[in-house]
Amino acid sequence: MKVACSFARLGETQKAMEIFDRPELRDLQPYHEFISALAEGGDFETAFKLAKEMPSEMQTAVLLTIALSAERRGEKELAEKIRREIRSLSSNYPAMRKP
């Protein structure tokens, strides 16, 4: 998985996806790490798509990572869009709602 993440961070999404798509590598922690690497590499579209495929209880953490990466790259509109998505997810989990 580290090789896939390295390719993703370099913006080499095609090569990264070839490695990542191997079913034996799809454990939850490496999955999160890979999505984060895609976002760091600037491929927010793929990162967001894969995050939405994760179990819903894990999506918030991954989406937050993508939003932070987007903001660091100056993609403020995208970061806000993702934050709205996070807020909509948190409405399904009472413990995550703001007081």
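Residues numbered from 1 in each chain as written. Predicted model: local features only at pLDDT ≥ 70, side-chain atom pairs only at ≥ 80, totals over all residues. Heavy atoms only, no water.

*Asks:* So what's going on with the environment of Lys52? Residues and values would help.
*Replies:* Counting through the fold element by element, Lys52 comes out in helix H4 (residues 44–53). On the basis of relative accessible area, Lys52 is assigned to the partly exposed category, the value being 33%. Considered as a pair, Lys52 and Leu63 are eleven residues apart in the sequence and their alpha carbons are 8.6 Å apart. Beyond its immediate stretch of four places on either side in the chain, Lys52 contacts Gln59 and Glu85. (Helix = DSSP H or I, 4+ residues; strand = E, 2+ residues; numbered from the N terminus. Buried < 20%, exposed > 50% of the residue type's maximum accessible area, 1.4 Å probe, protein only. Contact = heavy atoms within 4.5 Å.)

*Asks:* I'd like a rundown of the nonpolar core, residues and numbers included.
*Replies:* Of all hydrophobic cores here, the largest spans 27 residues; its most connected members are Phe34, Ile35, Leu50, Leu63 and Ile66. For this core, the elements supplying multiple residues, two or more each, are helix H1 (2–9), helix H2 (13–20), helix H3 (28–40), H4, helix H5 (56–72) and helix H6 (76–90). The element that contributes the greatest number of residues to this core is H3, accounting for six residues. Setting aside anything within four residues of it in sequence, one finds Ile66 in contact with Ile35, Ala39, Phe44, Ala47, Phe48, Ala51 and Ile82. (Core = buried A, V, L, I, M, F, W, Y, C linked by side-chain atoms within 4.5 Å.)

*Asks:* Just give me the short version of the packing of aromatic side chains, but keep the residues and values in it.
*Replies:* Using the criterion set out here, one finds zero aromatic pairs in the structure. Sitting over the ring of Phe48, Lys81 keeps its end group 5.8 Å from the ring centre. (Phe/Tyr/Trp six-rings, centres within 6.5 Å; stacked < 30°, edge-to-face > 60°. Lys NZ or Arg CZ within 6 Å of the ring centre and 35° of its normal.)

*Asks:* Before we move on, could you go through the pattern of salt bridges and cite the residues and values that matter?
*Replies:* What the rule picks out here adds up to five salt bridges. One salt bridge in this structure joins Glu71 and Arg83, with 3.1 Å as the shortest N-O distance. Remark: Arg83 occurs in helix H6 and Glu71 occurs in helix H5; sequence separation between them is twelve residues. Note on Glu71: relative accessible area 32%, which makes it partly exposed. Given a relative accessible area of 22%, Arg83 falls into the partly exposed group. Note that Arg87 is salt-bridged to Glu80, the shortest N-O span being 2.7 Å. For Glu80, a relative accessible area of 30% puts it in the partly exposed group. (Salt bridge = Lys/Arg side-chain N within 4 Å of Asp/Glu carboxyl O.)

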